[in-house]
Amino acid sequence: PVLVVDFGAQYAQLIARRVREAQVYSEIVPHTASTQDILAKDPRAIILSGGPSSVYADGAPRLDPALLEAGVPVLGLCYGFQAMAAALDGTVSPTGVREYGATRLEAVDAASELLHEQDIDQNVWMSHGDSVTEAPSGFSVVATSSASPVAAFEDPDKHLYGVQWHPEVGHSDRGQEVLENFLYQGAGIAPEWTTGSVIDEQVARVREQIGEGTAICGLSGGVDSAVAAALVQKAIGDRLTCVYVDHGLMRLNESEQIEKAFGESTGGAKLVVVDTEEQFLTALEGVTDPEQKRKIIGREFIRTFERAQADILRERGVIEGEGSQAHTSAEGGTKTFLVQGTLYPDVVESGGGEGAANIKSHHNVGGLPDDLSFELVEPLRTLFKDEVRAVGAELGLPDGIVWRQPFPGPGLGIRIIGEVTRERLDVLRRADAIAREEMKAAGLDREIWQCPVVLLADVRSVGVQGDGRTYGHPIMLRPVTSDDAMTADWAKLPYEVLGRISTRITNEVAEVNRVAVDITSKPPGTIEWE
Ligand code: XMP
């Protein structure tokens, strides 16, 4: 892989994505990784990310000069660029001049390998206080700006390169070219990492991991679990069983759609649908506290999933007996795996740990034997969300699944403010279906991140519909734009679309006499109301 050394801040993931956009596989390693560990990964090239520190600050992350002498091509960006200069014999000085934002270069050497045929007619995105004032010996300075006497340098013979700016951000006009020049020319890597190669590789890995074993996958209806299941299905065929827990908190016709789309697209993967509406609604009776709702839904979900698992394993002869008498059968000894749609950002954020964790099932609630543990299969753990979508599309999953907007596991249970009842779910489902239909018709599906539709079930207001007074409930629309759901902005939906949604909901859903739009960003508001 190409390794991106993460010097902090938020840049490393973006760099890794840009490298992958150049069709070269990349992974992120923390700056605390030793040179030995980094080289043990046999990197084809290394990119040093930006970071918030000053290279001379106490406790600033250091760059081991040995990493620059290993013969591996290196590109330093921003902090990484300064760290390179400091690790060699260059000079980094606090010049007192900050460059921030879109900046113009003063000179560019078009003969440079890194900045091949580039000139000053471009914006580069800068964010730094210190500057490299002298390049290390053997390096040529290939760009300058008013605050950076050395804005880019290179030593092509040693395959070492660096730029002060952030080529990975969209505001650097020719940034992707800089990265590609480094990867293709500087490091001599061919662009071969494609969706097709990812599928082949993951299918081979899954086959190797599971061997003759069997696997179970919980489907949520979202893109991640669906793509993970489709990959595993491609690898081991009908030794995979998918379980979909229909908890009665889904939107209108959603369960049927998921069932149908999944069955069609994976060439008839085995799918067990467990209808547990009664069980969930009973468990939620009288509950209004959001956290309590979430806990109850989570608990019932695990119980149901494990019951389904146990049934499947019993059917296959992997376990025998019921409840506390259950035990692993002597004959059914082949291993059972649990498929999960874990994505790369989760892996990076949890420390980038290697290898599949062995999770013990919750035997106390599921009636599974103590000695049965599952090994995780996570075929998406190297991928970003947009890559997962591309894989899903290539595997033939329908658009409705590939481009499905995020929908929370607890479903409509956390979109009814107040107690969850069958009647209220029915009201919310009808209103939500109208809102989604209108947004889809207006072509807004991919523009907005998601739009929770919320029923304020304990709030009533007076209205007039037809000739009569009404005393109904408000519906709250919560359309947001976002990149990762960590932060979000309220989406400025066109007034005509909002108007149509409002008119239709108040006309067609008798229990609702008011429609409001939530115009709060996140933070301070969360995307969901509960
Ligand atoms: P919040 O409300 O925290 O939501 O801003 C962020 C994103 O996460 C989704 N969400 C959930 N997804 N289980 C899920 O699978 C949950 O319990 C859950 N709660 C919130 C939410 O829809 C948004 O995309």
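Computed from a predicted model, the values in this text were never measured in an experiment. (Residues numbered from 1 in each chain as written. Predicted model: local features only at pLDDT ≥ 70, side-chain atom pairs only at ≥ 80, totals over all residues.)

### What to know about the overall build of the protein chain
Argument step 1. A count of helices and strands for the protein chain gives 16 helices and 26 strands.
Argument step 2. Oriented by its inertia axes, the alpha-carbon framework of the protein chain measures out at about 80 × 70 × 40 Å.
Argument step 3. When the 530 residues of the protein chain are sorted by exposure, 43% land in the buried category.
Argument step 4. Contacts in the protein chain between residues at least 24 apart in sequence constitute 71% of all its contacts with a sequence separation of at least 6. (Helix = DSSP H or I, 4+ residues; strand = E, 2+ residues; numbered from the N terminus. Buried ≥ 20, exposed ≤ 12 C-beta atoms within 10 Å, placed from the backbone. Contact = placed C-beta atoms within 7 Å.)

### Let's talk about unusual backbone geometry
Argument step 1. Backbone torsion omega between K522 and P523 reads -10°, so that peptide bond is classified as cis.
Argument step 2. Looking at the element boundaries, P523 is found in the segment after β26 (512-517).
Argument step 3. Of note, the amide linkage connecting P523 to P524 takes the cis form, showing an omega dihedral of 10°.
Argument step 4. At N253, a residue that is not glycine, the phi angle is positive and equals roughly 60°.
Argument step 5. Positionally, N253 belongs in the loop between β14 (240-246) and α8 (254-265).

### Some thoughts on the nonpolar core
Argument step 1. Counting 61 residues, the largest nonpolar core has I47, L48, M84 and L183 as its most contacted members.
Argument step 2. Considering each element in turn, this core owes the most residues, seven residues, to helix α4 (residues 79-87).
Argument step 3. Setting aside anything within four residues of it in sequence, one finds L183 in contact with V2, V19, A22, V24, A45 and I189.
Argument step 4. One finds L240, L383, I401 and V402 within the second-largest nonpolar core, a separate group that totals 41 residues. (Core = buried A, V, L, I, M, F, W, Y, C linked by C-beta atoms within 7 Å.)

### Focus on the packing of helix α6 (residues 195-210) against helix α7 (residues 223-236)
Argument step 1. Remark: α6 packs on α7, axes separated minimally by 8 Å, with the N-to-C direction vectors making an angle of 65°. In the packing of α6 onto α7, the handedness of the crossing is right-handed. Between α6 and α7, the residues in contact are I199, Q202, V203, V206, R207 and I210 and L231, V232, K234, A235 and I236, respectively.
Argument step 2. The residue makeup of the contact of α6 with α7, split by class, is eight nonpolar, one polar and two charged. (Axes fitted to C-alpha atoms, helices over the stretch in contact; angles between N-to-C directions. Left-handed = near helix turned anticlockwise from the far one by under 90°. Nonpolar A, V, L, I, M, F, W, Y, C, P; charged D, E, K, R; others polar.)

### Details of the site of the ligand
Argument step 1. In the region of the ligand, the neighbouring residues are R294, P406, P408, G409, P410, Q450, A485, K522, T526, I527 and E528.
Argument step 2. Classifying every residue of the shell around the ligand gives five nonpolar, three polar and three charged. (Near = placed C-beta within 6 Å.)

### With respect to the environment of G392
Argument step 1. With respect to the element layout, G392 can be found in helix α13 (residues 385-394).
Argument step 2. G392 sits 99 residues away from K293 along the chain, and the two C-alpha atoms are 32 Å apart.
Argument step 3. Apart from the residues within four sequence positions on either side, G392 is in contact with V223, A226, V227, A230, L397, I401 and V402.

### Things to note about the UniProt feature "active site" (unreviewed entry) in the protein chain
Argument step 1. Mapped onto this structure's residue numbering, the UniProt feature "active site" (unreviewed entry) falls at C78, H166 and E168. Spanning 91 residues, the annotated positions come together in the fold, the maximum distance between their C-alpha atoms being 10.8 Å.
Argument step 2. By secondary structure assignment, the location of C78 is in the loop between β4 (74-77) and α4.
Argument step 3. A residue is classified by how many C-beta atoms lie within 10 Å of it, and C78, with 25 of them, is buried.
Argument step 4. When sequence neighbours within four positions are dropped, the list of residues in contact with C78 reads G50, S127, H128, Q164, W165 and H166. (UniProt positions renumbered as here; feature names shortened; annotations may be inferred.)

### Focus on the UniProt feature "binding site: ATP" (unreviewed entry) in the protein chain
Argument step 1. As annotated in UniProt, the feature "binding site: ATP" (unreviewed entry) corresponds to S220, G221, G222, V223, D224, S225 and A226 in the numbering used here.
Argument step 2. Along the chain, S220 turns up in the loop between β13 (214-219) and α7.
Argument step 3. For S220, the contacting residues outside a window of four places in its chain are S225 and G409.
Argument step 4. Position of G221 among the secondary structure elements: in the loop between β13 and α7.
Argument step 5. The exposure class of G221 is buried, given the 23 C-beta atoms found within 10 Å.
Argument step 6. Not counting chain neighbours up to four residues away, the residues in contact with G221 comprise E254, I258 and F407.

### Remarks on the environment of C217
Argument step 1. Counting through the fold element by element, C217 comes out in strand β13.
Argument step 2. For C217, a count of 25 C-beta atoms within 10 Å gives the class buried.
Argument step 3. Filtering out sequence-adjacent residues up to four positions away, C217 remains in contact with S225, A228, A229, V232, L240, C242 and V339.

### Here's the deal with the domain arrangement of the protein chain
Argument step 1. Its domain assignment divides the protein chain into domain 1 (2-186), domain 2 (195-402) and domain 3 (421-517).
Argument step 2. Spacing between the C-alpha centres of domain 1 and domain 2 amounts to 41 Å.
Argument step 3. Counting from both sides, the interface comprises five residues of domain 1 and, opposite them, five residues of domain 2. (Domains from an automatic or database assignment.)

### Brief notes about the sheet that holds strand β1 (residues 2-6)
Hydrogen bonds between backbone groups are what pair the strands of a sheet, and the pairing can be parallel or antiparallel.
Argument step 1. With mixed pairing, the eight strands of this open sheet are ordered in space as β2-β1-β3-β4-β12-β11-β10-β7. Both outer strands of the open sheet, β2 (26-30) and β7 (107-108), are each paired with one neighbouring strand and no more.
Argument step 2. Relative to β4, strand β3 (residues 45-48) runs parallel, the two being bridged by three bridges. Looking across to β4, one finds that I47 is bridged to L75.
Argument step 3. Each of β3, β4 and β12 (160-163) is contacted by α4, which is oriented at about 115° to β4, the strand it contacts most.
Argument step 4. Against the sheet, helix α5 (residues 175-186) touches β1, β3, β4 and β12, its axis set at about 180° to β12. (Pairing = 2+ DSSP bridges.)

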